Amino acid sequence: MKSCYLTRPGLLCALGADTDTVAEALFAGQQQGLVLEQGWLAHDHNAAVRVGRVAAALPILPPAWQARASRNNRLLLAAVQQIMQEVERCKQRYPAHRIGVVLGTSTSGVDHAEWALEAHAAQGQLPEGFQFEQIDLGDPARFLADWLELTGPAYCISTACTSGGKALVSARNLVQSGMCDAVITGGVDTLCRLTLNGFTALESTTSELTNPLSLNRAGINIGEGAAVFILSAEPGAVQLLGAGESSDAYHISAPEPEGLGASAAMQAALRDAGLDETSIGYLNLHATATIKNDAMESKAVDRVFPHGVPVSGTKGMTGHALGAAGALEAAFCYLSLTDTQGRLPPHCWDGVADPALPALPLVQVGQHWRPGPRYAMSNSFAFGGNNLSLILGGGA
């Protein structure tokens, strides 16, 4: 099988609007991007919801592209613009039909549909210029392929909170199978009322700062963002070494309580990478700060890593970006693997441990990689018991 490598990502989220800014905020443990906003909840427009918002201005598409100008596509384009030099080099190296686009999303342009339905309720018709294409889950990949004039495979994966990570696995499959020479891959998701109201109805959100692994954890802050890489067999600083997937088929939204599927995914990733658990120097947890997810993930990690491994849940800085989360957190692993100072992403919480959970070695601000080769694992777990673990290796 061909080895597959990732370029430095284009990246924006609640931590910042470019990769360098995000990196510095990530290693400093900043939480300022998690802000209180009103007007999101259908049952109470005055209720404050804490969200991880991208505050920066997004690209404005030319008039000919207005039918594709959803916020989701503009977030995606903002990330891609950061890596355009690599994209252009890739286009010069490979034919357009040999370059794929595989992205993860769970919202696509749903916020655009919400605006259109509001107008329809008030005026009896959809607003002029509304395009159903924008709300299609596959639109981000088709939009980007059209924008970059690429004709290779272009599709989106939508498996809830594993989408962005699964996109990287699918991209690796395209390269290793010989269908593509390179794939632009990652994830993008946008704040919208559908997800905020849905997770609130599930009693899974909190207006306080999300508090993963704490005794006081009360739910997630939903976020938005985009992370985009180029994956190819061309050697680079970071390699996608392994991936492990499993399916609990336990419940539509609750995880299997003992984390058996999560353990299976982590163990499969280790086998795929040809590593044992002692090789992993950092684990980015899914760590949603919901009661059940943190409990099952703690048990699973304690089972797979009996000797311990430095861990952190970075949603305490970004919010939970749903379909983009797996790609964002793979990007955070990339930034840590290549950080010349050897910094690890810290775990942001109130410091009140839950005695019912196995005690995991949580990364503190200023903590660094141990000496030797760097290998990072990133976990993503989704509704329906859809589990994914990635292993990335490389670094300074």
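Owing to the predicted nature of the structure, the values given are computational and were not obtained by experimental measurement.

Comments concerning the nonpolar core
And step 1. Judged by nonpolar contacts, the single largest core of 47 residues is most densely connected at L11, L15, L328, F332, L335, L390 and L392.
And step 2. Among the elements of the structure, α1 (19-28), α6 (163-176), β9 (225-232), β10 (238-247), α11 (325-337) and β14 (386-394) are those that each provide at least two residues to this core.
And step 3. The element that contributes the greatest number of residues to this core is α11, accounting for nine residues.
And step 4. For L11, the residues in contact, after removing those within four places along its chain, are A17, D18, T19, V22, A79, Q82, A226, A227, L328, A331, F332 and L335.
And step 5. Counting 31 residues, the second largest nonpolar core, distinct from the first, contains A78, L144, A145 and V228.

Overview of the packing of helix α8 (residues 260-273) against helix α9 (residues 291-304)
And step 1. Orientation of α8 relative to α9, taken along the N-to-C sense of each, is 40 degrees, at an axis distance of 8 Å. With respect to α9, the axis of α8 lies oblique. Two packed elements cross with a definite hand, and for α8 against α9 that hand is right-handed. Along the contact surface, α8 presents L260, A262, S263, M266, Q267 and L270, while α9 presents M296, A300, V301, R303 and V304.
And step 2. Looking at side-chain class alone, the contact of α8 with α9 contains eight nonpolar, two polar and one charged residues.

Quick notes on the side chain of R50
And step 1. Residue position: R50 is located in strand β4 (residues 49-52).
And step 2. No salt bridge is formed by the buried R50; the nearest opposite charge belongs to E208, separated by 5.2 Å.
And step 3. A polar contact of 3.1 Å, which involves the side chain of R50, links it to the backbone oxygen of L34.
And step 4. Beyond its immediate sequence surroundings of up to four residues, R50 is in contact with L34, V35, L36, T206, S207, E208, L209, N221 and I222.

What about the state of the cysteines?
And step 1. Inspection of every chain in the model, using the stated rule, returns zero disulfides.
And step 2. Its sulfur unpaired, C161 is 13 Å from the next cysteine sulfur, which belongs to C192.
And step 3. Taking the relative accessible area as the measure of exposure, C161 reaches 8% and is therefore buried.
And step 4. No disulfide involves C333; its sulfur sits 14 Å from that of C13, the nearest cysteine.
And step 5. Accessibility expressed as a relative area gives 1% for C333, which makes it buried.

Parameters at a glance
- Throughout, a residue's number is its position along its own chain's written sequence, starting from 1.
- Reporting of local features is limited, given that this is a predicted model, to residues whose pLDDT is at least 70; pairs of side-chain atoms are given and counted only at 80 or more, and all residues count toward the totals for whole chains, interfaces and linings.
- Side-chain measures were taken over the full set of non-hydrogen atoms in the model, leaving aside hydrogen atoms and water.
- Among buried residues, those of type Ala, Val, Leu, Ile, Met, Phe, Trp, Tyr and Cys that are joined through side-chain atoms within 4.5 Å constitute a nonpolar core.
- Only protein chains enter the accessibility calculation, which uses a 1.4 Å probe; a residue is then buried when its area is under 20% of its type maximum, exposed when over 50%, and partly exposed in between.
- Secondary structure counts use DSSP, requiring at least four H or I residues in a row for a helix and at least two E residues in a row for a strand, with both numbered from the N terminus.
- We call two residues in contact when some of their heavy atoms are within 4.5 Å.
- For helices, the axis comes from a line fit to the C-alpha atoms of the stretch in contact; other axes are also lines fit to C-alpha atoms, and the angle between any two N-to-C directions lies between 0 and 180 degrees.
- Here the angle decides the label: under 35 degrees means roughly parallel, over 145 means roughly antiparallel, 65 to 115 means roughly perpendicular, and every other value means oblique.
- By the definition used in this description, the sense in which the near helix is turned from the far one sets the handedness, with an anticlockwise turn below a right angle giving left-handed and a clockwise turn giving right-handed.
- Polar here means any residue outside two lists: the nonpolar Ala, Val, Leu, Ile, Met, Phe, Trp, Tyr, Cys and Pro, and the charged Asp, Glu, Lys and Arg; Gly therefore counts as polar.
- Positive residues here are Lys and Arg, negative ones are Asp and Glu, while His and the chain termini are left out of the count.
- What makes a salt bridge here is a side-chain nitrogen of Lys or Arg within 4 Å of a carboxyl oxygen of Asp or Glu, nothing more.
- Distance and chemistry together define a polar contact, namely a pair of N or O atoms within 3.5 Å, with one atom able to donate a hydrogen and the other to accept it when in protein, and with adjacent residues in sequence counting only for side-chain atoms on both sides.
- When two cysteine sulfur atoms lie within 2.5 Å, the pair is treated as a disulfide.

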